[in-house]
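Summary of the model geometry
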Amino acid sequence: MSFFQVDDLPRLELFPKALSGIVQGEHLMLSFLELAPGCRIPEHSHPHEQAGLVLSGRLRFRIGEEERVSGPGDAFLVPPNVVHEGDVVGDEACRVLDVFSPPREDYADRYNRYTETSQETRWR
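Let me begin by describing the structure that accompanies this report. (Residues numbered from 1 in each chain as written. Predicted model: local features only at pLDDT ≥ 70, side-chain atom pairs only at ≥ 80, totals over all residues. Heavy atoms only, no water.)

1. Overview of the overall build of the protein chain
Across its full length, the protein chain carries one helix and ten strands. Helices and strands in the protein chain line up, N terminus first, as β-β-β-β-β-β-β-β-β-β-α. Out of the 124 residues in the protein chain, the part that is buried amounts to 40%. If you take every contact in the protein chain between residues at least 6 apart in sequence, the share linking residues at least 24 apart comes to 62%. Summed over all atoms, the accessible surface of the protein chain reaches about 7800 Å², with 52% contributed by carbon and sulfur. (Helix = DSSP H or I, 4+ residues; strand = E, 2+ residues; numbered from the N terminus. Buried < 20%, exposed > 50% of the residue type's maximum accessible area, 1.4 Å probe, protein only. Contact = heavy atoms within 4.5 Å. Areas by Shrake-Rupley, 256 points an atom, 1.4 Å probe, with all protein chains shown as cover.)

So, in structure tokens, the structure goes:
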């Protein structure tokens with residue numbers, strides 16, 4: 001499939017108050033995050049390069065030793081294996097587009113189990 005409607009993607013809870021719809025290619029992954037007010041992205045790192053774009057709301061984000069509050073139109077880069085964390089600022093939900101390269105296997109595995117083939121699936 002080459003085209004997607006973001007609002008129609010199945011949502012997977014990555015951690016409390018954080019839902020993600022995923023689109024995955026061979027060499028990259030898009031994760032459309034919906035972060036509820038009060039959402040906390042726990043400190044973590046991974047071997048994947050990550051880029052992000054805040055679509056709406058505000059996000060306090062720390063990458064390594066650098067921290068800032070980002071809003072709509074602000075983008076960020078997280079190099080592989082760099083510790084990062086964040087939380088939603090204020091009472092408004094935050095939407096973020098994350099891009100990973102290579103695709104995160106842990107997300108893909110959880111997402112594939114979440115969206116298992118059902119009897120309603122139609123094959124062509």
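2. Re the packing of aromatic side chains
Taken as a whole and judged by the stated rule, the model has two aromatic pairs. Aromatic pair Phe61 and Phe76: ring centres 4.7 Å apart, planes at 45°, arrangement tilted. Placement of the pair is Phe61 in strand β6 (residues 59-63) and Phe76 in strand β8 (residues 75-78), with a sequence separation of 15 residues. For Phe61, a relative accessible area of 8% puts it in the buried group. When the ring of Phe100 is compared with that of Tyr107, the centres are 5.6 Å apart and the planes differ by 80°; the resulting orientation is edge-to-face. Residue Phe100 shares its accessibility class with Tyr107, and that shared class is buried. We note Arg104 situated over the ring of Phe100; from NZ or CZ to the ring centre the distance is 5.4 Å. (Phe/Tyr/Trp six-rings, centres within 6.5 Å; stacked < 30°, edge-to-face > 60°. Lys NZ or Arg CZ within 6 Å of the ring centre and 35° of its normal.)

3. A few points about the pairing of strand β3 (residues 29-35)
Burial analysis of β3 places five of its seven residues in the buried class, the great majority of the element. Sheet analysis places strand β2 (residues 18-24) next to β3, joined by seven bridges and oriented antiparallel. Following the sheet pairing, Ser20 is matched in β3 by Leu33. Between the end of β2 and the start of β3, which pair antiparallel, lie four residues. (Pairing = 2+ DSSP bridges.)

4. A closer look at the nonpolar core
Membership of the largest hydrophobic core comes to 28 residues, with the highest contact counts inside it found for Leu35, Leu59, Phe61, Cys94 and Val96. Counting residues per element, the ones that place at least two in this core are β1 (12-15), β2, β3, β6, β8, β10 (94-101) and α1 (105-114). Contact partners of Val96, with chain neighbours within four places excluded, come to Ser31, Phe32, Leu33, Leu35, Leu53, Val54, Leu55, Leu59 and Phe76. (Core = buried A, V, L, I, M, F, W, Y, C linked by side-chain atoms within 4.5 Å.)

5. What about the environment of His46?
Mapped onto the secondary structure, His46 falls in the loop between β4 (40-44) and β5 (49-56). Separated by 36 residues in the primary sequence, His46 and Val82 place their C-alpha atoms 7.3 Å from one another. Not counting residues within four places of it along the chain, the set of residues in contact with His46 comprises Pro80, Asn81, His84, Phe100 and Arg104. A polar atom in the side chain of His46 sits 3.1 Å from the side chain of Gln50. (Polar contact = N/O pair within 3.5 Å; in protein donor to acceptor, adjacent residues only side chain to side chain.)

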